[in-house]
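Residues per chain are reported as follows:
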Amino acid sequence: AQTVTQSQPEMSVQEAETVTLSCTYDTSESDYYLFWYKQPPSRQMILVIRQEAYKQQNATENRFSVNFQKAAKSFSLKISDSQLGDAAMYFCAYTSGTYKYIFGTGTRLKVLA
Amino acid sequence: KAGVTQTPRYLIKTRGQQVTLSCSPISGHRSVSWYQQTPGQGLQFLFEYFSETQRNKGNFPGRFSGRQFSNSRSEMNVSTLELGDSALYLCASSLAVGQGRSPLHFGNGTRLTVT
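Residues numbered from 1 in each chain as written. Chains lettered and ligands numbered in written order. Predicted model: local features only at pLDDT ≥ 70, side-chain atom pairs only at ≥ 80, totals over all residues. Heavy atoms only, no water.

Student: Help me understand the nonpolar core in this model?
Tutor: A:Tyr25, A:Trp36, A:Phe75, A:Leu77 and A:Tyr90 are the most contacted members of the largest nonpolar core, which has 26 residues in total. Mapped onto this core, the elements with two or more residues apiece are β3 (19-21), β5 (33-39), β6 (46-52), β8 (64-69), β9 (74-79), β10 (88-95) and β12 (107-112) of chain A. Sort the elements by how many residues they give to this core and β10(A) lands first, with four residues. Those residues within four positions of A:Tyr90 in sequence are excluded, and the remaining contacts are A:Gln6, A:Leu21, A:Trp36, A:Tyr37, A:Lys38, A:Val48, A:Phe64, A:Leu77, A:Ile79, A:Gly106, A:Thr107 and A:Leu109. Counting residues in hydrophobic clusters, the runner-up holds 21 residues, among them B:Val19, B:Val32, B:Leu81 and B:Ala87. (Core = buried A, V, L, I, M, F, W, Y, C linked by side-chain atoms within 4.5 Å. Buried < 20%, exposed > 50% of the residue type's maximum accessible area, 1.4 Å probe, protein only. Helix = DSSP H or I, 4+ residues; strand = E, 2+ residues; numbered from the N terminus. Contact = heavy atoms within 4.5 Å.)

Structure (structure tokens):
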């Protein structure tokens, strides 16, 4: 069965600094998708970034980028120039097209002014 | 374009009662998924509907059911409520053109408290 593991329950970063959130997953599929979602106190899950497993190039969205290591089954999220608005729960998620997503347990990110 | 709308935002029910939650997807999205979020278990998949048909179901008891209407709006029903059903229920919609190619778009959730 597929699993997603986020080993950091909580992380802190100084404003304007860079932070990396870790995610590992387990699957026997070769074609799948990985995501990072952000959940602020408003509760709405917001898509941050998406990675397609068959693409070698790491996805980037403005200040957010991923380090996708397919062989190691690792998918970390790097947030550069951290802002106060980045404070939230971050969830790593996996899907292989079976209509359901598998989410990690989340990492709470605190941004210190 | 309006986002995913979930109603109500908050619900308080007592054990044994039943509850119905509603979700209106983004216009044009035909797939609706439901997730239960709790501090201990994280996000757990409940079920997914596409064109009024349930395509996949998670490992929840039969007290949890859902349906989708012809306009893609979806409802989730929980009967005989238990204290452990207290959670944030999230609805997500997508185009469903191959699940991963069309990411999930979430609503604000319904916070259900069972007393």
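Student: I keep staring at the state of the cysteines and nothing clicks. Help me out?
Tutor: Put plainly, two cysteines are in a disulfide when a covalent bond ties their sulfur atoms together. One pass over the structure, following the stated rule, counts two disulfides over all chains. Disulfide pairing places A:Cys23 opposite A:Cys92 at an S-S distance of 2.0 Å. Handedness here is read from the sign of the S-S torsion; for A:Cys23 and A:Cys92, about -70°, the answer is left-handed. A residue pair is termed long-range when its members are at least 10 positions apart, and A:Cys23 in the loop between β3 and β4 (24-26) and A:Cys92 in strand β10 qualify at 69 residues. For the pair shown, A:Cys23 and A:Cys92 are each scored as buried. B:Cys23 shares a disulfide with B:Cys91; S-S distance 1.8 Å. Handedness of the B:Cys23-B:Cys91 disulfide follows from its S-S torsion of about -60°: it is left-handed. With a gap of 68 residues between them, B:Cys23 in strand β3 (residues 19-24) and B:Cys91 in strand β9 (residues 87-94) connect regions that are remote in the sequence. (Disulfide = S-S within 2.5 Å.)

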